[in-house]
Structures are given as C-alpha cells and as structure tokens.
Amino acid sequence: MKVATRSTGRRAVVGQLRDAVVSAQRDPRSSRLATCVITAGPGAGKTHTLHELVDAAEGVVRQARADELSWRQPFAVAAALLGVELPVPVPDGYEDQLYTRVDDLCATGPLVLVVDDAHHADAATLELLTRLVGATRVLPLVLLVGRRPLPERDLLHRLVARVDVGEWSLPPLDDDEVRRLAAEFTGAVPDDRLTGLLMASGGNPMHVISVVRGLQRSGGLRVENGRVSVEDTAQPGVPQGLRDAIAEHLALLDGRARELVQKLAVWGGPATLAQLAAVDAVPPASLVGAAQSTIDAGIVTTDDTGALRFTHDLYADVTYEQVNPMLRSVLHDAMASHPSTRHNSQSVAHHRIASGTDEGAMLAAVRRAESELANTPSVAAELLETLSERTGRPAAGVHVALAGALARTGQLNRASQVAEEGLAAATEIADVAALHRVLLFALTARGDTDRVRHLIDETLQLPVGDDVVTALTDLRRYVGILDGRNPAPSSPFLDATDDLGSHTVAGLIAEALRRFVRGEVDEGLRLALMASRRDAQEAEAGTLSTSSAEIWPSLIGQYAHGPAAAADLLTGATRLRASRGTDWMTAYHEFIRGGIALGLGELDDAAASFDAGLERADSGDMGWKSMAVGGRAMIDVLRGDLASASTRLNSWEKGGLPDQFGFPVPLHARSLLLEANRKLRAAATSATTAWDHGRRFHLYGWLPTVSLGYARIGVRAGDRELLSSVEEGLDDLPGSPAAPARGLVAVAQAMCRVELHGDDPATISAAATEHVEAMQAIGDRHSEACLWEEAARAAAITGNRARARELAREALRLNQSMGATTSSARIATRLRPLGVRIDPAVRDRPVHGWESLTKTETTVAELVAAGMTGSEIADRLYISTRTVQTHVSHALAKLGVRTRVELAAFVVSRRAGAGRDPV
C-alpha cells in the first residue's frame, strides 16, 4: 500500500497518519497499515510529527534517533531502540536475538517502535526494520520511521518500497499554519506583511522559526495591539534560505564556541567535553565556557548521558560544510587516532575515509573494520561502498569483499554488478576465482539463468583445469534443470551405479533433480540425500556456496512418499541449517514447509509458512518463488479468498521470473481460480496450456499431481480436448507414478474413460475408494478429499444417492476441517444437478474456540503457556520465529484473546478445567 500525500495541507496529512496508527492498533490482526514512514527535508517537522503520532498511540512506546555516528556501529540504533546492550563485535545471529526481543515485548500488549532520522541508521538496523514490517501483520506492533529523502540508502529504499509500508511526504506549511507557528513564538498574530515574508521560507517550519528568532534577536519585530509586524529596516537582512538562516545563527558564536561546534560536527554525533578536549590535548574544563555559549544560543544541548549534541542536525550539516576541506581532513585524521575511537575499527575507518589523505591508511582501516563485521555483512557492504565512492574506484581486493557482503545480505543485483566490475579489473587469479563464485551464486539465486549459462560458457573457453570444467559443467546442468527452459534430458548426467564419491555435490544435485522432474522420484530422492550428506561433510563455515543440497530431499520426499514423510526430512534439514548457519536457505525451507502443510490440509499453517518464506525472499532479490506463489494462491482459492489469489497471480505474471523446474504452478493456480469463479471454459483453456506444457517438457514428476484436478475441470467444462490430453499424457508416463500420486492418476484415468469412451461411472468410485487408505497413510488430506468428491459424484451418476451423500460427507468433513470452503461449495454445486442436495456450510470443526485450532496452533499455544518465548518455540519446532508469530496470531483470533499473556492464561485455565497435565 503506497500512500500519496494529497494537497490538503499538513494537518490533513498528520490526520491521515494518526488514523493509520489508531486503525492499526484497534485490530492488530486485520489487514491494515502498521508501518508509517514520514519523508521530508531538513527542518520540515518530521520529529514533531512523530511526537504527535506517539501521543495518539496506545501501549509501550520505544524511540531511538539515529545520527551520523550510528551507521558506523552495527545495530547501534536497534540496540538503543530495544534497550539492550550492544556487544562488540556483534556475534552471529544477533539480529535474531533482537527480533526475539521485539517478539517478547509484544507478548504483553501493543508496542510502538519509533526511529527518527533513519537516513543515518546503520544498515543492520535497517535490515531488522524491514524484517519487522512483515511481523506487524501478526504482532500488535506499529513502526514509525522518519527520514530525509537524501542521502539515498538502498536498504531504506527497500523498506519504503514494500507494499505493506505507507509513506507520507509532509507538505509545506500554508498561510494559516505559518501564522499559527509565528504566533506561538511571538505571542501575537503576524500581519500580512510579516506572513508574506515568512512564506518566502517555502513553508519550512524550521526556516519560519529561524527567521522569527533572528528578527527577535535583532529587534526587527514590532508588537502592537496583539499583532506583530516587521520593522522596515529589518526586512532586507532577512535570510532567504534555511541554510542561510542557520549560518547566520552560527555566525553569532564567538571564536572558541565556533571551534567547539566544528569539532562536534566532524566527530559526527554526541560527544563529551572530555572527548572533544582530547582532540587538542587540553583539559575538558577549558571548553566549559565555549560549550555554555553554544547551549545558550540554542545550537547545542546535552543528552541524558551528559554528551553534547546539536539541537538539530542542520546545525551539524552547515557547520561541517563551513569547515575548510583541508582542515576537515586534519580533524578527521586526529579523530581516527583519538583515544576513544582508535579501538573502534568502524569509527577509525569512517574518519580515515572522510579524511581522504592517505589511500593506504583508508584501505588498512577498512580491512580491520571488515574483519569485525563478518556477522553483519550489510554494514560491511556500506563501508566498502563508501570507500569505493571516496577513492573513485575500488582498491585491489575490495571488489571481492564487497560483492560477497552484498550477496550475503540478499542484495543480489548489486552483488552481481560489483562482481562483474571486479572481474573487469582483477589481475590476481584468486580474485578472479572468488568473483566468479560470487557472481554465479548471485545470478543463480536471482533466477538469471541465461547469464549463468553465458558466464559458464565463457569460462569454459579459457585454459582452466579439469576440476573447474567438471564443476562448471555440473552447475550448468543444475541450472538447466532448475529453470526448466528445455525438457529435462532423458540420458543421465552420471551413472548411478558407479562410485558416486568421485562426483561433485552439484553433479549429484543435478542428477537428482533430473530424475525427479522426469518422474523417477525415488531414485531422485536417494541421490538428493547422498548430495546432502556429502555437502555436510565438505562444508566449511562461512563459505559462500551455490550448493543447495539441504533444500531438495524434503521437496522430492513429498512427491516420493507424501507430506508426512517429507516433514520428517525437513526437520532434519532445518536442524542442519541451524548448526551450519546457512540462513539463506530459510526462505526455501519455509516454501517446502508450506507445501507439506498444504498436502496435510493445514491451510492456516501452510499460509503462515509460505508468507514467512516469501517475506524472506522478497527482502532479497531471490528469483525461485514460483512454486511458493502458486501454492499460496491455491490456499487463497481453497479458502474462498479469490480476490487475493487473483492479485497474487497477477503480480507474479508481471514479474517475468522463471517457473522452477518448468512446473507451471502459478498457471495451475490460475486454472483453479477460474474454476472457483465458475469460468469453466477459461479454466479448461488454462489447464490445457499447463498440461500440454508438462507433456512437452516431460514433467513426469509433476503431471500426476495435477491430473485429477485437470480431469475434473475437463469434465465440468465439457472439454473433450483437455480430457483426451490428460488421458494420453497419463498413458505416456514412463513408469508407475510415485505412491502419493497413484490414486490421483487412477481416478483421473477412470474419469477420462467414462467421459470419452462411455465406461461405467462405478469405475471412478472403485478407483477412489481403493486408494483412499493409501492417502490417509501418507497424510495427504487434500488429495483424499478430492478422491471422496469424485467417488460421490460417480455414485450420484449411477443413481445411488444415499451412497453419494455418504461419500460426499467424507469429502465435506475433510474440506471443512481444512477450511477449504471453495471445495465444499464445489461438491454441493456438482451434486445438485444429479439430485443430491447437501449443505456445504455445515461444519464439523468450529471456527472459534480451542477446537478450531490447527494441530500446530495447539502446540504453539501449549508452549506459550509453558513459558517459552517465540524463539524458543521456533527452535523446538524447527520453524522460523516469524511462522511462530503467525500461529500465535491465529490462535489469539480464534480464542478471542489479545496478548500472549492472555493466551497462556486461557490454556492454563483450560487445563485446570479439563484436569489434565500440561504438554
């Protein structure tokens, strides 16, 4: 949701902001805007507006204000905001600790986090804020952010660009607002002449105040009978710009006071008298008079710790600009050697870069700082970018470090750009190899497979070793399977009967995926598990790798053995991910978890996992999202939220990203959406396109899973062409489908034969009932419901209405327990013309109360009552903290309570009433 400021005046904009905050807090679980960003230039009133919004908010309010020092220290602003001690250096996983802190603060009620001057915030804090935006959907959390449009910050731009963030630009003050502001400071109503003079400020509040104060100091105002006007002699000297007004104010300081503010401006943030005195090796007492002068002038104030800081960052900006560049360099060098900064490598690096006098010293300082920033690559990336901008070109080796840091933060587009720039300039073989690895990783993760192929082919033309040729050939095969641009080869990449220890992990993955795509899912799973074990043995901490070995076993396992077995494989993979620190896999594991939950019929849990994964993927530039987007849209369709499904699919289709493995999952979801909207001809057309694509590209691992749905659409639309294609495609399968899809294939084949060749409809019922037990054994409730549905319709066609009702009730029971209202309505619609009337709205499972919770929601609620935090629950269940938050939010809504404390009390009370022990 993007909010455009209307030309209705500042008060109207502030009113819109206040309404957004109040609305967000009124119903924390509704679809609302809970992150508000105020963008305005210097002196425009961002801070004042934030204070107004805080006054309108409920609950606990925590505030932090960034300054120029902030960006030098990872999580400096976040730690201040959340009231925690900042460790130096920052340990691995510290962002998760801060995220958990927010989660814990929200447990007792509404929380408002306010960050002012976010354009100065450190990159790690900006990443955390972006992550918290998603949490506002499920936590009683409101984020308020103030920032200037300049300097531009990529991470801040990413935050503001999110669809669930509202941005407001503060308009200038109008005539009436200028009059009111002037009256506050003069105690009288300004006349038209003074108002016109003040309006020359462009409606900037600080400029208006500066002009009024300047006129007051010079005696240029005259007050008579409750009105204030400007003296004729004063008007020509009124500064025309805000910076001119600030400069005029600063010019009133004496020499010693001016020297003190210059040091404070170069220091870059709050500083004690002792720190400023140490620059010149003088006693702090010698600066007391100068400091008092700046305080009396309203230019400097003291904070809670006794440090000096500017009352407004414009004073710092103008002061810094007024210092001669050569003298600024001298001061920056002095501060780089300052006793209180020389042990802070990030501050030393900042001052060395700002000095710009010694490129060698700059690079050495950055290298030292970089070594302490291994766990906060976003901060390292900004530091390296700053060095490159200062020198006009990255120094030797900086490209490697910068590209790697950007890739680790998910800034894959920028990582690719830097890596390519580095390759053009690199002369060292080690640098070339490292840049190639980063570039291949970034391009592959983005889904830019054409460029990956081109880069591989270019490299293979060079005189490289056999091991490089093997590695790149395996990667090319892997990418070819991943993007599905061409049919998966029928010939194997390797002989699975050979000693597989001689093959690379990428080679094993490529062959595993080739077999999976072509329907040899059991063998594909065996090879994927082998690749996973090999990767675990070879992994080195901190190595940036294109290996995705831990992703595939659980994905293929769902196709091979069903969702219940896949869930066990995923648990093992997430344990390994946590122990190895490969957090970039989190999004993909959430996608797989969502698919598993969808098969199990736990639609709320599936939606939670898909949403958590998509948030992770969207915060970076990850391209492999098609199966998650399609799966999430299917959940919308099943739950009857057809508008959301349409919006989701429309957005995906505009993005131009590839379908993973060539599986047209979003198109499949589109077919189901059209069917739900009763646009059956269009649904059949869409289904035919997807099915024929699968046949042409030999997607034998995927085709069986959608065969029943497409047969149903063909029957409902009377589309014999689609039915014929489904029948032929199933006959062309190279072998027996995997166990989870056998029932779907058997029923789809029976449906096609009944419609196309006049076979007995009882064969449909027979095929469905034969495979229902197998579906129950693997935990696939969604597919089981589809089998019962077709059995019921077949019974109705044969005239056995009683049997049809009995079978339909089985389907309805499952659909209603899943919350699949669209499927329930479809069953009733299909049976009604056959003389069987059922009520799809009758529910076996309630929508409110304890019994309405899903299995996972129940478990999470029990663990909350046991006193566990969100992160502890996440560790226990091997899911993300974000997914835990969603489960808690669902439980709160279903039980009618507002906080986790109330949830815990509800569970404890229920236990006491039921007389059973805690879980």
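Above this text is the structure in question.
Every chain is numbered independently, its residues counted from 1 as its sequence is written. Local features in this predicted model are restricted to residues whose pLDDT is 70 or higher, and side-chain atom pairs enter the listing and the counts only when it is 80 or higher, whereas totals over whole chains, interfaces and linings include all residues. The side-chain quantities take in all heavy atoms of the structure and omit both hydrogens and water.

### Brief notes about the packing of helix 5 (residues 123-135) against helix 18 (residues 377-391)
Definition in use: In this description, a line fitted to the C-alpha atoms serves as the axis of each element, helices being fitted only across the stretch in contact, and the angle between N-to-C directions of two axes falls anywhere from 0 to 180 degrees. In this description a helix means any DSSP run of H or I spanning at least four residues, a strand means any run of E spanning at least two, and both kinds are numbered starting from the N terminus. For classification purposes, an angle smaller than 35 degrees is called roughly parallel, one larger than 145 roughly antiparallel, one from 65 to 115 roughly perpendicular, and anything else oblique. Working rule for handedness: look at the near helix, and if it is turned counterclockwise from the far one by less than a right angle, call the crossing left-handed; if clockwise, right-handed. By the convention used here, residues are in contact when the closest approach between their heavy atoms is within 4.5 Å.
For the pair helix 5 and helix 18, interaxial distance at closest approach is 7 Å and the crossing angle is 130°. The angle between the axes of helix 5 and helix 18 places the two elements in the oblique class. When the axes of helix 5 and helix 18 are compared, the crossing they make is right-handed. When helix 5 is examined against helix 18, the residues Ala123, Ala124 and Glu127 are found in contact with a partner set consisting of Ser378, Val379 and Glu382.

### A word on the pattern of salt bridges
In a structure, side chains of opposite charge can pair up when their charged atoms sit close to one another. This is how the line gets drawn: Here, a salt bridge means any Lys or Arg side-chain nitrogen found within 4 Å of an Asp or Glu carboxyl oxygen. Partly exposed describes any residue whose relative accessible area lies between the buried limit of under 20% and the exposed limit of over 50%, with all areas from a 1.4 Å probe on protein chains only and scaled to the type maximum.
This structure, assessed with the given rule, holds 60 salt bridges. A salt bridge links Lys894 to Asp604, with the shortest nitrogen-to-oxygen separation between them at 2.9 Å. Of this pair, Lys894 sits in helix 43 (residues 881-895) while Asp604 sits in helix 29 (residues 603-619), placing them 290 residues apart in sequence. Take Asp604: its relative accessible area is 18%, and that puts it in the buried class. One salt bridge connects Asp636 with Arg648, and the closest N-O pair in it is separated by 3.0 Å. Highlighted residues: Asp636 in helix 30 (residues 626-639) and Arg648 in helix 31 (residues 642-655), separated in sequence by twelve residues. Ionic contacts of the salt-bridge type, sharing partners, join the residues Arg137, Arg162, Asp164 and Glu615 into one network.

### Side note on the nonpolar core
Selection criterion: The definition of a nonpolar core used throughout is a set of buried Ala, Val, Leu, Ile, Met, Phe, Trp, Tyr and Cys residues joined through side-chain atoms within 4.5 Å.
Trp552, Phe661, Phe663 and Trp702 are the most contacted members of the largest nonpolar core, which totals 205 residues. Excluding anything up to four places from it in sequence, Trp552 contacts Tyr478, Leu482, Ile509, Leu513, Ala528, Gln660 and Phe661. Within the second largest apolar cluster, 29 residues are counted, among which are Met206, Ala277, Ala290 and Ala316.

### Re the pairing of strand 3 (residues 111-116)
The cut-off we apply is this: A pair of strands is treated as paired once DSSP finds two or more bridges between them. For crossovers, right-handed means that the path from the first strand over the helix to the second runs clockwise, given strands pointing away from the viewer.
Buried residues dominate strand 3, accounting for six of its six residues. The alternating pattern of strand 3 places Leu111, Leu113 and Val115 on one face and Val112, Val114 and Asp116 on the opposite face, and all of these are buried. The pairing of strand 2 (residues 60-65) with strand 3 spans six bridges and is classified as parallel. By the bridge assignment for strand 3, Val60 is matched with Leu111. Pairing analysis gives five bridges linking strand 3 to strand 4 (residues 141-147), with the strands arranged parallel. Along strand 4, the bridge assignment pairs Val114 with Leu144. Between strand 3 and its parallel partner strand 4, the chain crosses via helix 5, and the hand of that crossover is right-handed.

### With respect to the packing of helix 23 (residues 466-483) against helix 24 (residues 505-517)
Applicable threshold: Residue type decides the class: Asp, Glu, Lys and Arg count as charged, Ala, Val, Leu, Ile, Met, Phe, Trp, Tyr, Cys and Pro as nonpolar, and the leftover types, Gly among them, as polar.
Direction vectors running N to C along helix 23 and helix 24 enclose 30°, while the axes themselves pass 8 Å from each other. It follows from the interaxial angle that helix 23 and helix 24 lie roughly parallel. Where helix 23 crosses over helix 24, the handedness of that crossing is left-handed. Across from Asp474, Arg477, Tyr478 and Ile481 in helix 23, the residues of helix 24 making contact are Ala506, Gly507, Ile509, Ala510, Leu513, Arg514 and Val517. Tallied by class, residues from the contact of helix 23 with helix 24 come to seven nonpolar, one polar and three charged.

### Side note on the sheet that holds strand 4
What the five strands build is an open sheet, ordered 2-3-4-1-5; its pairing is parallel. Either end of the sheet is taken by a strand with one partner, and the two such strands are strand 2 and strand 5 (166-169). Across this sheet, the average inter-strand angle for adjacent strands is 15°, counted without regard to direction. The strands that helix 4 (residues 94-105) touches are strand 2, strand 3 and strand 4; relative to strand 3, the one it contacts most, it runs at about 135°.

### Let's talk about the sheet that holds strand 7 (residues 221-224)
Pairing is mixed across the open sheet formed by three strands, whose spatial order is 6-8-7. Looking at which strands have only one partner, the edges of the open sheet turn out to be strand 6 (189-190) and strand 7. Pairing of strand 6 with strand 8 (residues 227-230), which is carried by two bridges, proceeds in the parallel orientation. Residue pairing across strands places Val189 opposite Arg227, the latter belonging to strand 8. In the packing of helix 8 (residues 192-199) onto the sheet, the strands contacted are strand 6, strand 7 and strand 8, and the crossing angle to strand 8 comes to about 60°.

### Describing helix 17 (residues 359-372)
Here is the rule: Multiplying one less than the number of residues by 1.5 Å gives the expected span of a helix. By construction, the arc corresponds to the directions joining the helix axis to the C-beta atoms. Whenever two N or O atoms come within 3.5 Å, that pair is a polar contact, provided that in protein one can donate a hydrogen and the other can accept it, and provided that, for residues adjacent in sequence, both atoms are side-chain atoms.
Look at helix 17: 20 Å from first C-alpha to last across 14 residues, which is about the 20 Å you get at 1.5 Å a residue. Among the residues making up helix 17, those that are buried are Met362, Ala365, Val366 and Ala369. With its buried residues spanning 100° around the axis, helix 17 presents them on a single face. Tucked inside the fold, the buried residues of helix 17 contact helix 16 (345-355) and helix 18. Between the side-chain oxygen at the start of helix 17 and the backbone nitrogen of Gly360 there is a gap of 3.0 Å, and the oxygen is on Asp358.

### Notes on the packing of aromatic side chains
The test is simple: A pair of Phe, Tyr and Trp rings is counted when the ring centres sit within 6.5 Å of each other, with Trp represented by its six-membered ring. The angle between the planes then sorts it: under 30 degrees is stacked, over 60 is edge-to-face, the rest tilted. Remark: a charge is flagged as sitting over a ring if the NZ atom of Lys or the CZ atom of Arg is within 6 Å of the ring centre and within 35 degrees of the ring normal.
All told, the structure shown has eleven aromatic pairs when counted by the stated rule. Between Trp552 and Phe661, the ring centres sit 5.6 Å apart and the planes meet at 65°, which makes this aromatic pair edge-to-face. Of this pair, Trp552 sits in helix 26 (residues 552-561) while Phe661 sits in the loop between helix 31 and helix 32 (665-676), placing them 109 residues apart in sequence. The pair Trp552 / Phe661 is uniform in exposure class, with both members buried. Consider the rings of Trp850 and Phe906, whose centres lie 6.3 Å apart with planes at 20°: the pair is stacked. Of this pair, Trp850 sits in the loop between helix 40 (821-831) and helix 41 (855-865) while Phe906 is found in helix 44 (residues 900-914), placing the two residues 56 residues apart along the sequence. You can call Phe906 partly exposed: its relative accessible area is 29%. Lying over the aromatic face of Tyr99, Arg131 brings its terminal NZ or CZ to 4.1 Å of the ring centre.

### Looking at the side chain of Arg453
Locating Arg453 in the fold gives a position in helix 22 (residues 449-460). Contact partners of Arg453, with chain neighbours within four places excluded, come to Arg476, Val479, Gly480, Asp483 and Arg485.

### Observations concerning helix 20 (residues 412-425)
The end-to-end C-alpha distance of helix 20 is 20 Å, a good match for the 20 Å that 14 residues give at a rise of 1.5 Å each. If you follow the buried residues of helix 20, they end up packed against helix 19 (398-408) and helix 21 (429-446).

### Topic: the environment of Thr829
Positionally, Thr829 belongs in helix 40. Along the chain, Thr829 and Val348 lie 481 residues apart, while their C-alpha atoms are 72 Å from each other. Beyond its immediate chain neighbours, meaning those up to four positions away, Thr829 contacts Arg678 and Arg716. There is a polar contact of 3.2 Å between the side chain of Thr829 and the side chain of Arg678.

By themselves, these figures tell us nothing about what the structure is for.
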